[in-house]
Amino acid sequence: MNTYDLLVIGSGPAGQRAAIAGVKKGKRVALAETRNVVGGVCINTGTIPSKTLREAVLHFSGYNYRSTYGLNYRVKEKISMDDLTFRVQHVIKTEIEVIQAQLSRNGVEVLNGTASFQDSHTVKITGPAGMSPVQAEHIVIAVGTKPAASTKVSINGRNIINSDQILELQELPKTLLVVGGGVIGVEYTCMFAALGIRVVLIEKRPTLLEFADHEIVEALSYHLRDSRVTMRLNEEVESVEEQEDGTVVANLESKKKVSGGALLYAVGRSGNIDELNLTAAGIEADSRGRIPVDKDYRTKTPNIFAVGDVIGFPSLASVSMEQGRIAVARIFGDETVRSHAEAYPYGIYTIPEISFIGKTEEQLTEEDVPYEVGVAYYREIARGQISGDTTGRLKLIFHRETRAILGVHIIGEGATELVHIGQAVMVLNGTIDYFVDTVFNYPTLAECYKAAAFNGINRLARFD
Ligand SMILES: Cc1cc2nc3c(=O)[nH]c(=O)nc-3n(C[C@H](O)[C@H](O)[C@H](O)COP(=O)(O)OP(=O)(O)OC[C@H]3O[C@@H](n4cnc5c(N)ncnc54)[C@H](O)[C@@H]3O)c2cc1C
């Protein structure tokens, strides 16, 4: 039987980083992966395909140029699914090759097969080459998630699909029903709406993206309505029917009916634990397949750790990578590796994009923290006018007394990049004064930081 110092299960961002961190510690590492390619949901069906698709949508729809050349500007009049997926396949293939090369360069042994525990140190790997048990002193579970199933919505992979099946759509529907106002549902809503497709977004809560700053979500809602998206909030789907003409009808609990050419079901994801036989390892997952861990990502069984989406919130590729790196440091007794968890950024690739770090106004109000806000609008910044994004805004939240930065919330072009300036200042314990005293390149969107800082400092004196 092959024996390893470390066995990692799953080759998504969390597993990759865990495996490479193990090798860097001079350990013998194996990585088990069910699929015949590495990369996980991140590369194959989630992050990378959706972001590449978004880029194609922005290009072909001419979205970024509409404020310059007019609302009817298009790069291509009739956009097809093939136009959109052409580049996606290329990027997926290249990313897989990059990861494969990294793993092999670092000497990680990739085992192609499904891992299943026999006991806390022995794992059976069943793959094309048959079944082989392996032993490992330490094990990291990084199996990710799959779209959650619903008894009310039968996914058929044709016109009733989940987010893993978007690329399989044969043609673009004229209207699309999206169930789920979380990140995945809202991102796809924006993409299809930018293509001119009528989208009905159904969400059972009273607001979209409930963990984001309310003002920013309101701004996004304005854009969605402007793109002819119908938002059905506080509504739950009771059943879904496929009609003879190929359209789909969603019956809502409120007795309303909505119909469309296709339905995307994007309500939650659950841990990929079905094949793992966790009980043999002494581990129990919750009802959504999430594995409980402590602050070092250790499960109830001391030699087994779990990282990435399978442990739950925030379920981001960026954070999953970091969890893999930290867990392996702790496994091998390294306490020096640390991470600024209080300033993990959120990037939401809606159109326009949203990004934030730190606290929201709602959280600070709840915690009785005396804060003030400074806002800059892209339309007041030369770069906003040049690039044609006149609706973006950047909001700084800072402590009224210490002037420390407590949060940065941005909606608009470049938000997911811009947020890192605020992140650096926040992590290095900077105050609002940093932005006042600093010169930014002109004309750039980064100037928003300075404008927002002036606005916030002026408000300190006004108490409004
Ligand atoms: C549509 C969509 C868009 C997203 N966009 C973003 C984004 O813009 N930014 C961002 O940061 N995050 C985004 N995410 C989230 C991101 O994809 C996940 O956070 C990330 O992939 C989680 O990484 P992971 O390593 O935990 O799991 P995964 O990437 O899911 O990888 C887990 C791997 O484990 C394998 N596996 C499962 N069970 C076994 C087993 N028993 N044996 C062997 N192998 C097994 C699976 O085949 C899979 O390859 C998005 C997700 C989706 C679905």
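The structure presented is a predicted model; accordingly, all values stated were derived computationally and were not measured.

Rules used throughout
Residues numbered from 1 in each chain as written. Predicted model: local features only at pLDDT ≥ 70, side-chain atom pairs only at ≥ 80, totals over all residues. Heavy atoms only, no water. Domains from an automatic or database assignment. Contact = heavy atoms within 4.5 Å. Buried area = accessible area lost by both parts, 1.4 Å probe. Salt bridge = Lys/Arg side-chain N within 4 Å of Asp/Glu carboxyl O. Polar contact = N/O pair within 3.5 Å; in protein donor to acceptor, adjacent residues only side chain to side chain. Helix = DSSP H or I, 4+ residues; strand = E, 2+ residues; numbered from the N terminus. Nonpolar A, V, L, I, M, F, W, Y, C, P; charged D, E, K, R; others polar. Buried < 20%, exposed > 50% of the residue type's maximum accessible area, 1.4 Å probe, protein only. Near = heavy atom within 4 Å. Areas by Shrake-Rupley, 256 points an atom, 1.4 Å probe, with all protein chains shown as cover. Pairing = 2+ DSSP bridges. Axes fitted to C-alpha atoms, helices over the stretch in contact; angles between N-to-C directions. Core = buried A, V, L, I, M, F, W, Y, C linked by side-chain atoms within 4.5 Å. Phe/Tyr/Trp six-rings, centres within 6.5 Å; stacked < 30°, edge-to-face > 60°.

1. With respect to the domain arrangement of the chain
The accessible area lost on association of the parts is a frequent measure of interface size. Examined at the domain level, the chain breaks down into domain 1 (2-147 + 270-341), domain 2 (160-267) and domain 3 (352-461). Measuring from the centre of the C-alpha atoms in domain 1 to the corresponding centre in domain 2 gives 27 Å. On the domain 2 side, the residues contacting the 19 residues of domain 1 number 15 residues. Together domain 1 and domain 2 conceal approximately 1,500 Å² of surface at their shared face, both sides included; 70% is due to carbon and sulfur atoms. The largest per-residue losses of area from domain 1 upon contact with domain 2 belong to T45, M81 and P147, which jointly make up 35% of the total buried on that side. Taken together, the connections running from domain 1 to domain 2 amount to one salt bridge. In this structure, the salt-bridge partner of E187 is K51, at a minimum N-O distance of 2.6 Å. The interface formed by domain 1 and domain 2 holds two residue pairs in polar contact (both at pLDDT 80 or more) in total. Every element with two or more residues in the side of domain 1 that touches domain 2 is listed here: helix 3 (47-61) and helix 5 (81-105). Of the residues forming the side of domain 1 that touches domain 2, the biggest block, seven residues, is contributed by helix 3. Considering only residue class, the side of domain 1 that touches domain 2 consists of 10 nonpolar, six polar and three charged.

2. Let's talk about the side chain of T122
Note that T122 resides in strand 5 (residues 122-127). When its relative accessible area of 6% is taken as the criterion, T122 is described as buried. At 3.1 Å, the side chain of T122 forms a polar contact with the side chain of Q135. Sequence-distant contacts of T122, defined by excluding residues within four places in its chain, comprise M1, S116, F117, P133, V134 and Q135.

3. With respect to the site of the ligand
Surrounding the ligand, one finds 36 residues, the nearest of these being E33, T47, A115, D309 and A317. The side chain of E33 places a nitrogen or oxygen atom 2.7 Å from an oxygen atom of the ligand. Within the complex, the protein chains bury 94% of what would otherwise be the 1,000 Å² of accessible surface of the ligand. Residue assignment for the shell around the ligand shows that the elements contributing at least two residues are helix 1 (13-24), strand 2 (29-33), helix 2 (40-44), helix 3, strand 4 (114-117) and helix 8 (317-331).

4. Details of the sheet that holds strand 14 (residues 257-260)
Here three strands make up an open sheet; going across it, the order is 12-13-14 and the pairing antiparallel. The two strands at the open ends of the sheet, each matched to only one other strand, are strand 12 (237-242) and strand 14. Averaged over all pairs of adjacent strands, the angle between strand axes in this sheet comes to 20 degrees, irrespective of strand direction. The sheet contact formed by strand 12 and strand 13 (residues 248-252) spans five bridges and is antiparallel. The residue of strand 13 that forms the bridge with V237 is L252.

5. Considerations on the nonpolar core
Ranked by internal contacts, the top residues of the largest apolar core, which has 104 residues, are L7, L84, F117, V140, I141, F192 and L209. Top element by residues in this core is helix 5. It accounts for eight residues. Here F117 is in contact with I9, T122, V123, I139, I141, L276, N277, L278, A280, A281 and I304, once residues within four sequence places are set aside. L394, V425, C448 and Y449 belong to the second largest nonpolar core, which has 26 residues in total.

6. What to know about the packing of aromatic side chains
Applying the stated criterion to the full structure yields eight aromatic pairs. Aromatic pair Y188 and F192: ring centres 6.5 Å apart, planes at 45 degrees, arrangement tilted. Here the residue Y188 and the residue F192 both occupy positions in helix 6 (residues 183-194), the gap between them amounting to four residues, near one helical turn. When the centroid spacing of 6.4 Å and the interplanar angle of 80 degrees are considered together, the rings of F211 and F313 count as edge-to-face.

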